[in-house]
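# Fold and contact review
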Amino acid sequence: MEPGKASNRSAGKAESQLRKGVLEYCVLALMQDGPRYGVELLRELERSGALATSQGTVYPLLSRLRRDELVETSWRESTSGPPRRYYELTDAGRAALAEFARIWPGFRDAVDHFLVPPQGRSESTGGEA
Amino acid sequence: MKAAENTEIDAYLAAVQREAAALPPERRQELVADLAEHIEVALAERPDALSEVLRELGDPRSIAATALAESGVGGVPGKAPERGFRDRIPALLPVLLIALSLPLGFVLMPLGTIGRLAALVLLWVATCWKVRDKAIATFLAFVAVLGINIAVYYIDPPNPTVIDVITAVQIGLALIAASWLWATRRR
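Everything quoted here is computed from the prediction, not taken from an experiment. (Residues numbered from 1 in each chain as written. Chains lettered and ligands numbered in written order. Predicted model: local features only at pLDDT ≥ 70, side-chain atom pairs only at ≥ 80, totals over all residues. Heavy atoms only, no water.)

### Here's the deal with the confidence of the model for chain A
Using the following cut-off: Per residue, pLDDT captures the predictor's confidence, and it can take any value from 0 to 100. Residues are treated as being in contact if the distance between any of their heavy atoms lies within 4.5 Å.
Mean pLDDT for chain A: 85, with 84% of residues reaching 70 or above. pLDDT under 50 marks residues 123–129 of chain A. Its contacts with residues more than four places away, or in other chains, come to one contact.

Dropping the structure here:
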């Protein structure tokens, strides 16, 4: 086994874990400007690149958000095709999203702090060479 | 919708149903209904794109696995499993019993026997050792000690000094077993 392959795999695992952790907040954030229906939500997620796995895996997540009363759903007629089920933030969902938005910058900066050398990357690599 | 499309959708949903067999029925129905709904809406927006829609939805197995993880059936990370009484047996208890049951037996014969039996049961019921370490301790403290007893009974040693030495060896074996267990216990 080549070491490159192994480190790729663990980086991939880290990425999928990270995405899994923040996915539900991305989903909640997508609803902050108003109700969205499932297909629409998944299309946006896919487009943004926030989705680690296939679209179908978001439905169990939506189901949990519904059970936890972070979102609620309602049916709306559509001009084309079947009625759509719209997902909408509840007050609890809005609060959870606000809380995440509050801690995220600190978390992101803390991780950046470890990844980027204090003097700045370009300077230290220049000095080393 | 064409019949062939319906068959393909049914096959896909049946696969999800099958892979999600471990989910509570209510959750499973909900998942299948959500996916069926998605397919219907996506097809209304993109007719003739069924295989693409299904490909984007993804592998029924990974969808089911996600559903299991979300519902807690598949083990949610961070949520520790229930601790049974077997996990709560303190490691010190069988260790002390093994170390002390031989000397206790000299004080009062039945005490030693009861202590040894209790130690053996606790050791094998407890979850804080691997089977390998349990087997090593059992061999040292029980099989070897008992074997020596049986051997002594048949050989019938000539003088008390030999018996003392043999007893010391047995206590030593029990102490080694106890130390081994103490060192290998799961913390």
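So, next bit.
### Side note on the sheet that holds strand E1 (residues 36–37) of chain A
Let me state the cut-off plainly: Two strands qualify as a pair provided that DSSP identifies no fewer than 2 bridges between them. Here a strand is any run of E in DSSP of at least two residues, a helix any run of H or I of at least four, and the numbering for each starts at the N terminus. Between the N-to-C directions of two axes lies an angle of 0 to 180 degrees, each axis being a line fitted to C-alpha atoms and, for a helix, fitted only over the stretch in contact.
Strand order in the open sheet made by the three strands is E1-E3-E2 (chain A), with antiparallel pairing throughout. Either end of the sheet is taken by a strand with one partner, and the two such strands are E1 and strand E2 (71–76) of chain A. Alignment of E2 of chain A against strand E3 (residues 84–89) of chain A, held across six bridges, turns out to be antiparallel. For Val71 of chain A, the partnering residue across the bridge sits in E3 of chain A and is Leu89 of chain A. Of the strands in this sheet, E1, E2 and E3 of chain A are in contact with helix H2 (residues 25–45) of chain B, which crosses E3 of chain A at around 110°.

### A short note on helix H3 (residues 58–67) of chain A
All names here are of chain A. What counts here: Summary of the burial criterion: residues with accessible area below 20% of their type's maximum are buried, those above 50% are exposed, and those between are partly exposed, where the area comes from a 1.4 Å probe applied to protein chains only.
Within H3, nine of the 10 residues are buried, which leaves the element mostly enclosed by the surrounding structure. Within H3, burial applies to Val58, Tyr59, Pro60, Leu61, Leu62, Ser63, Arg64, Leu65 and Arg66. The first or second residue beyond H3 is Glu69, which carries a positive phi of 60°.

### Considerations on unusual backbone geometry
In this structure, Glu69 of chain A takes a positive phi of about 60° despite not being glycine. Structurally, Glu69 of chain A is set in the loop between H3 and E2.

### Section: a nonpolar patch on the surface
Residue and element names in this part refer to chain B. The cut-off we apply is this: Patch definition: residues above 30% relative accessible area lacking any salt bridge, with like charges linked at up to 9 Å and the nonpolar side chains Val, Leu, Ile, Met, Phe, Trp and Tyr linked at up to 5 Å. Residue-level accessible areas treat just the shown protein chains as cover; the underlying method is Shrake-Rupley with a 1.4 Å probe. When a carboxyl oxygen of Asp or Glu is within 4 Å of a side-chain nitrogen of Lys or Arg, the pair counts as a salt bridge.
On the surface, a nonpolar cluster with roughly 710 Å² of combined accessible area is contributed by Leu92, Leu96, Leu100, Leu104, Val107, Leu108, Leu111 and Trp182. Top element by residues in the nonpolar patch is helix H6 (residues 92–107). It accounts for five residues. Along the chain, Leu96 falls in helix H6. We classify Leu96 as partly exposed; its relative accessible area is 43%.

### Re the interface of chain A and chain B
How big an interface is tends to be stated in terms of the accessible area lost upon association of its parts. Where we set the bar: Two parts placed together each lose some accessible area; with a 1.4 Å probe, that loss summed over both constitutes the buried area. N or O atoms closer than or at 3.5 Å make up a polar contact, with two conditions inside protein: a donor-capable atom paired with an acceptor-capable one, and, for residues adjacent in sequence, both atoms drawn from side chains.
Listed by partner, the interface residues are 23 residues for chain A and 22 residues for chain B. Both sides of the chain A and chain B interface together cover about 1,800 Å² of buried area, and 53% of this is carbon and sulfur. Ranking the residues of chain A by area buried against chain B places Tyr59, Pro60 and Arg67 of chain A at the top, with a combined share of 27%. Where chain A meets chain B, there are seven salt bridges. Glu45 of chain B serves as the salt-bridge partner of Arg43 of chain A, at 2.9 Å between the closest nitrogen and oxygen. Seen at the junction of chain A and chain B, the total is 13 residue pairs in polar contact (both at pLDDT 80 or more). Those elements giving two or more residues to the side of chain A that touches chain B turn out to be helix H2 (38–48), H3 and E3 of chain A. With seven residues, the single largest contributor to the side of chain A that touches chain B is H3 of chain A.

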